[in-house]
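Remarks on the overall topology
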Amino acid sequence: MALTSTKEILEKAHREGYAVGAFNVNNMEILQGVIEGSQETSAPVIVAVTEGAIRYAGFDYLVAMVRVAAEEASVPVALHLDHGRDPGVIRRCIEGGFTSVMIDASHLPFEENLKATKEVVEMARPFGVSVEAELGRLKGVEDLLSVKEREATLTDPEEAERFVRETGIDFLAPAIGTSHGAFKFKGKPKLDIDRLREIKGRVGIPLVLHGASTVPPWLLELLHSYGGKLDEAKGVPPDQLREAIASGVNKVNTDTDLRLAFTVAVRKVLQESPEVFDPRKILGPARDLIKRVVMEKNRLFGSAGKAS
Ligand code: G3H
Ligand code: 13P
Ligand code: ZN
């Protein structure tokens, strides 16, 4: 089928109380693993590309690959710009067939974030493209100086209500304690679920959880057994992710866990079969492991079985 509207996919998830995976892709194997895993679990899926992915693979290559993937797929596939910052790239995505874009102006003061977001909503509306924006800051463990400072980076529910009302965005990404990458927590992982519930109650639209990778211990173990080194890596515990979904998250952004899967599979082949130099024998297993991780994710998110 053709690409499916992100809004349609997420409104259904919002109504029925589950979340859909938004998986970051940078090349063909990652994309195919994501699509195969979603087909195998009958789950709708959002393919996310960042400005970095566009710089790496090329805009036209990525769009063409995702279009083909969607046409061949038996499940709904949406194409989303993740963390859009450059207005030129955002415009190109809106005009070039993306079904949704994220404007990430969360680093700016509230009023400036609101203004920049509003401009993107106005740009996207005529094309029927939906818009996600972020309010609050996702801080990495290295940036967290104190508990108080961390608190100040989390989304204020009252501000969230005003932000959604005045911008007219379709999906909101609040900060509730996650961060990007493999090192999310120094101590005990803790998401602010009460804050999330209050935000959901006030805004009543699909919410997005960034930095949602769980960094599965089995993947870390494999990574270390094949010579990788990511000591102290820690993700969002699956139970807390489930709770976040039950409290209003409908889009779960996942990149790190796919990167881990890809790297584990490549390391395994290179270590166990030093005679191999056919790229298909190196990248094929990476695609397969991504598929397995995506299947696990879709079951955890509740999107499995929701393709129709
Ligand atoms: O937040 C999204 C990604 O994890 C960062 O991806 O390296 O393509 O910008 P990037
Ligand atoms: P992770 O780094 O936890 O996978 O988060 C990805 C993300 O938020 C993409 O927007
Ligand atoms: Zn993100």
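Everything discussed here concerns the structure shown above.
To start, this report covers the structure provided alongside it.

About the criteria used
Residues numbered from 1 in each chain as written. Chains lettered and ligands numbered in written order. Predicted model: local features only at pLDDT ≥ 70, side-chain atom pairs only at ≥ 80, totals over all residues. Heavy atoms only, no water. Buried < 20%, exposed > 50% of the residue type's maximum accessible area, 1.4 Å probe, protein only. Helix = DSSP H or I, 4+ residues; strand = E, 2+ residues; numbered from the N terminus. Pairing = 2+ DSSP bridges. Right-handed = clockwise from strand over helix to strand, strands pointing away. Near = heavy atom within 4 Å. Polar contact = N/O pair within 3.5 Å; in protein donor to acceptor, adjacent residues only side chain to side chain. Areas by Shrake-Rupley, 256 points an atom, 1.4 Å probe, with all protein chains shown as cover. Nonpolar A, V, L, I, M, F, W, Y, C, P; charged D, E, K, R; others polar. Arc of directions from axis to C-beta. Core = buried A, V, L, I, M, F, W, Y, C linked by side-chain atoms within 4.5 Å. Contact = heavy atoms within 4.5 Å. Donors = N, O, S within 2.8 Å, 3.2 Å for Na, K, Ca; no water. Salt bridge = Lys/Arg side-chain N within 4 Å of Asp/Glu carboxyl O.

Concerning the pairing of strand S5 (residues 130-135)
- Within S5, 6 of the 6 residues are buried, which leaves the element mostly enclosed by the surrounding structure.
- Alternating residues of S5 divide into Ser130, Glu132 and Glu134 and Val131, Ala133 and Leu135, and every residue in both groups is buried.
- As paired elements, strand S4 (residues 100-103) and S5 share 4 bridges and run parallel to each other. Residue pairing across strands places Ile103 opposite Ala133, the latter belonging to S5.
- Crossover S4 to S5 through helix H6 (residues 110-124) is right-handed.
- Where S5 and strand S6 (residues 171-174) come together, 4 bridges link them in parallel fashion. The residue bridging Ala133 from the neighbouring strand is Leu172, located in S6.

As for the site of ligand 1
- The environment of ligand 1 is formed by Thr50, Asp82, His83, His180, Asp255 and Arg259.
- At 2.6 Å, a side-chain N or O of Thr50 approaches an oxygen atom of ligand 1.
- With respect to ligand 1, the side chain of Arg259 contributes an N or O atom lying 3.0 Å from an oxygen atom.
- Here ligand 1 loses 66% of its free accessible area of 310 Å² to cover by the protein chains.
- Of the residues contributing to the shell around ligand 1, the split by class is no nonpolar, 3 polar and 3 charged.

Comments concerning helix H1 (residues 6-16)
- Along H1, the residues that are buried comprise Thr6, Ile9, Leu10, Lys12 and Ala13. Taken end-on, H1 shows its buried residues confined to a sector of 155°, consistent with a single buried face. Structural note: H1 exposes Glu8 and Arg15 on the side pointing more than 90 degrees away from its buried face.
- In this structure Ser5 caps H1, since a side-chain oxygen of it lies 3.2 Å from the backbone nitrogen of Lys7.
- Looking one or two residues past H1, Gly17 carries a phi angle of roughly 80°, positive in sign.

Things to note about the nonpolar core
- Val34, Val77, Val101, Ile169, Leu172 and Leu241 are the most contacted members of the largest nonpolar core, which has 89 residues in total.
- Leu241 has contacts with Leu209, Ala212, Thr214, Val236, Val252, Leu300 and Phe301, leaving out every residue within four places of it along the chain.
- Residues Ile9, Ala13, Ala22 and Ala173 belong to the second largest nonpolar core, which totals 11 residues.

Remarks on the site of ligand 2
- Taken together, the neighbourhood of ligand 2 is formed by 14 residues, with Asp82, Lys184, Ser213, Asp255 and Thr256 sitting nearest.
- One nitrogen or oxygen atom from the side chain of Asp82 is found 2.6 Å from an oxygen atom belonging to ligand 2.
- The contact in question runs from an oxygen atom of ligand 2 to an N or O atom on the backbone of Gly211, over 2.9 Å.
- For ligand 2, whose unbound accessible area comes to 310 Å², protein coverage reaches 96%.
- For the shell around ligand 2, the elements supplying multiple residues, two or more each, are strand S3 (77-84) and strand S8 (249-254).
- When the residues that make up the shell around ligand 2 are grouped by side-chain class, the tally is 1 nonpolar, 10 polar and 3 charged.

Focus on the coordination of the zinc ion (ligand 3)
- The zinc ion (ligand 3) binds to the protein through His83 (NE2), His180 (NE2) and His210 (ND1), with metal-donor distances spanning 2.0 to 2.1 Å.
- Spacing between the donor residues of the zinc ion (ligand 3) along their common chain follows H-x96-H-x29-H. Here His83 is found in strand S3, whereas its partner His210 is found in the loop between strand S7 (207-209) and helix H10 (217-225), with 127 residues between them in sequence.
- Its relative accessible area of 17% is what places His83 among the buried residues.

Section: the pattern of salt bridges
- For the structure shown, the criterion picks out 24 salt bridges.
- For Asp239, the salt bridge is made with Arg242, and the minimal N-O distance between the two is 2.8 Å. Of this pair, Asp239 and Arg242 both sit in helix H11 (residues 238-246), separated by 3 residues, roughly a single helical turn.
- Here Arg259 and Asp255 are joined by a salt bridge, their closest N and O atoms 3.0 Å apart.
- With relative accessibility at 52%, the residue Arg259 sits in the exposed group.
- When salt bridges with common partners are traced through the structure, they connect Lys7, Glu11, Arg125 and Asp170 into a single cluster.

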